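# A look at the structure
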2 protein chains.
Amino acid sequence: MTTQRLNIDLSTVTPAQIGEAGLIPCGVRMRFAAGEEIYAQEEEADLIYQVVSGAVRTTRLTSDGRRHIGDFYYPGDLFGMEAGPEHRYSAEALGECEVVFVKRAALKHYGADGDRLERIIWVATAQQLARTQDHLMLLGRKSACEKVASFLLDIANRFGGDLTTLPMGRQDMADYLGLTIETVSRMLTQLQAEGLVEFRACRQFRILRRGALARLAAG
Amino acid sequence: MTTQRLNIDLSTVTPAQIGEAGLIPCGVRMRFAAGEEIYAQEEEADLIYQVVSGAVRTTRLTSDGRRHIGDFYYPGDLFGMEAGPEHRYSAEALGECEVVFVKRAALKHYGADGDRLERIIWVATAQQLARTQDHLMLLGRKSACEKVASFLLDIANRFGGDLTTLPMGRQDMADYLGLTIETVSRMLTQLQAEGLVEFRACRQFRILRRGALARLAAG
DNA sequence: CGTTTCATTGAGTGCGATCAAGCCGTGTGG
DNA sequence: CCACACGGCTTGATCGCACTCAATGAAACG
């Protein structure tokens, strides 16, 4: 894990949208190796992170070891926002990954630029809520097939382009969708057999019939 | 549905915590009858609501009619906060219910009191996110029995006291927990048979062995 | 090339859904 | 006051989807 502080005059930073610049010009950069922990559950939550490159997952474990993935974060996404003083999930790098972070408590000393960041963080919190609500519907009322279809569509939309590379393995997909790894695998095979998607390798796919896939995903 | 505007000098309002005063001294009051819609999905979302008395549920439907409940709101709770311009759920009164609302866009004209409300709304949004994340874990990784146990504990903690009255019926519980009404009923019967809870009527219960129930709910 | 890790496939099981009665409290009209 | 209907809840029987257990296949790595 390597750290690098950026010396940028905050007063010259232009207003930026989340995902375009966001925290990047203001924060501290760090690199993480595959699987490395960025922060732990129940750790103090005073830092806000943004993905620069790679991808991040947030996870939680039950007392008896069942794992659940809260969300995946890709370049531009903010994560680590909490209502209380502690992180409710742990965050881990999915593969080699670079993030930038700012100390939230320090933003008030940054004047107008601090206000801009505070605002960006609140908007990101509200967007996270919206995503989490969609996720609720997926877990509560969709079949295994619909879950997997939704997931593929979501990630393909997120990255755009024809061919999409999955940054996570089957176990992560399963823990995100509330399924087992075997069921995820079976549904992928089935969707491919039906000609809705095509897998070039187990982490590379292309959507062949977007309309049909979206109809399935809608539930 | 009756509306009543309160004439209170905003400059005299003392700082208040969410749930103690919150929006109540500043907003417009409304009453709703059982089942009445407070706002609709995809309706413009410029109002923030707080429950004064009674209870509220937020619901969503899939294209083929499956229903999903996002959350229940009780006196003191804020609801209706959205990331985008539209409501993502509809909100309905659970039984006779009174709410108060403020127009979010107007808060900036209220000076210090508007700032206080803005802050309260953001905190409520972050708290809603935390609740929704707990709900995710429940839907994704818990058995029917654990779901129902979690639900009873959550609502009993929310209201305190020995005897708890459920403001919602079995169908609402089922749609919140991602189960069917029959499964909810069976699990309630089972929990009662095991001596963990006792139902006096179908909407009134008491927790008999809180530790055991909590252990079940934890998963 | 052997080892390890991850993904797929198959067989069998079980949990929760579905379908179908029955039960019970509540309200209504005779 | 009882007869009846209605809606919400419970219970029973059966079904099917997703889980479990197990084996095989396919990459990645030393």
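Notes on the structure in this doc start here. (Residues numbered from 1 in each chain as written. Chains lettered and ligands numbered in written order. Predicted model: local features only at pLDDT ≥ 70, side-chain atom pairs only at ≥ 80, totals over all residues. Heavy atoms only, no water.)

## Observations regarding the interface of chain B and chain A
Taken together, the contact pairs 39 residues of chain B with 39 residues of chain A. Summing both sides of the interface, chain B and chain A together bury roughly 3500 Å²; the carbon and sulfur share of this comes to 61%. Three residues stand out in chain B for area buried against chain A, namely W122, L136 and R141 of chain B, and they jointly supply 23% of the buried area on that side. Inspection of the chain B/chain A interface yields 8 salt bridges. For R66 of chain A, the salt bridge identified is with E146 of chain B, shortest N-O distance 2.9 Å. If you look at where chain B meets chain A, you find 23 residue pairs in polar contact (both at pLDDT 80 or more). Elements with a contribution of two residues or more to the side of chain B that touches chain A: β4 (47-61), β5 (67-73), α1 (112-141) and α3 (170-177) of chain B. Residue contributions to the side of chain B that touches chain A peak at 18 residues, all from α1 of chain B. The residue inventory of the side of chain B that touches chain A, partitioned by class, reads 14 nonpolar, 14 polar and 11 charged. (Contact = heavy atoms within 4.5 Å. Buried area = accessible area lost by both parts, 1.4 Å probe. Salt bridge = Lys/Arg side-chain N within 4 Å of Asp/Glu carboxyl O. Polar contact = N/O pair within 3.5 Å; in protein donor to acceptor, adjacent residues only side chain to side chain. Helix = DSSP H or I, 4+ residues; strand = E, 2+ residues; numbered from the N terminus. Nonpolar A, V, L, I, M, F, W, Y, C, P; charged D, E, K, R; others polar.)

## Let's talk about the pairing of strand β7 (residues 90-103) of chain B
The two faces of the sheet receive side chains in turn, since in a regular strand these alternate between them. All names here are of chain B. Most of β7 sits inside the fold, with 11 of its 14 residues counted as buried. As judged from the 5 bridges shared by strand β2 (residues 28-32) and β7, these two strands associate in the antiparallel manner. Bridge pairing in β7 places R29 opposite V100. Here 2 bridges tie strand β3 (residues 37-39) to β7, and the two strands are oriented antiparallel to one another. Its bridge partner being in β7, E37 is matched across the sheet by E92. (Buried < 20%, exposed > 50% of the residue type's maximum accessible area, 1.4 Å probe, protein only. Pairing = 2+ DSSP bridges.)

## What to know about the protein's contact with DNA strand D
Taken together, 15 residues are adjacent to DNA strand D, and A144 and T183 of chain A together with R170, S185 and T189 of chain B come closest. Counted by atom, the contact set of DNA strand D within 4 Å of the protein is 66% sugar and phosphate. A distance of 2.6 Å is found between a phosphate oxygen of DNA strand D and a side-chain nitrogen or oxygen belonging to T189 of chain B. Elements that contribute at least two residues to the surface near DNA strand D include exactly α4 (181-193) of chain A together with α4 (181-193) of chain B. In terms of residue count, α4 of chain B provides more of the surface near DNA strand D than any other element does, 4 residues in total. For the surface near DNA strand D, the class distribution of residues is 3 nonpolar, 7 polar and 5 charged. (Near = heavy atom within 4 Å.)

## Remarks on the pairing of strand β7 (residues 90-103) of chain A
Here strand β4 (residues 47-61) of chain A runs beside β7 of chain A; their pairing, made up of 11 bridges, is antiparallel. Across the sheet, the residue bridging to Y49 of chain A is F101 of chain A, located in β7 of chain A.

## What to know about the sheet that holds strand β9 (residues 197-201) of chain A
All names here are of chain A. Strand order in this open sheet of 3 strands is β8-β10-β9, and the pairing throughout is antiparallel. Here the strands that pair on one side only, and so sit at the sheet edges, are β8 (163-165) and β9. Across this sheet, the average inter-strand angle for adjacent strands is 30°, counted without regard to direction. Two strands pair when backbone bridges link them, and β9 and strand β10 (residues 204-207) are joined in this way by 4 bridges, in the antiparallel orientation. Looking at the pairing, V197 lines up with I207 of β10. (Axes fitted to C-alpha atoms, helices over the stretch in contact; angles between N-to-C directions.)

## A word on the sheet that holds strand β10 (residues 204-207) of chain B
Residue and element names in this part refer to chain B. Taken together, the 3 strands give an open sheet; going across it, the order is β8-β10-β9, and neighbouring strands pair in antiparallel fashion. The sheet is open, and its two edges are formed by β8 (163-165) and β9 (197-201), each paired on a single side. The average angle at which neighbouring strand axes cross in this sheet is 30°, direction not considered. Note: β8 against β10, 3 bridges, orientation antiparallel. Residue pairing in the sheet places L163 in a bridge with R206 of β10.

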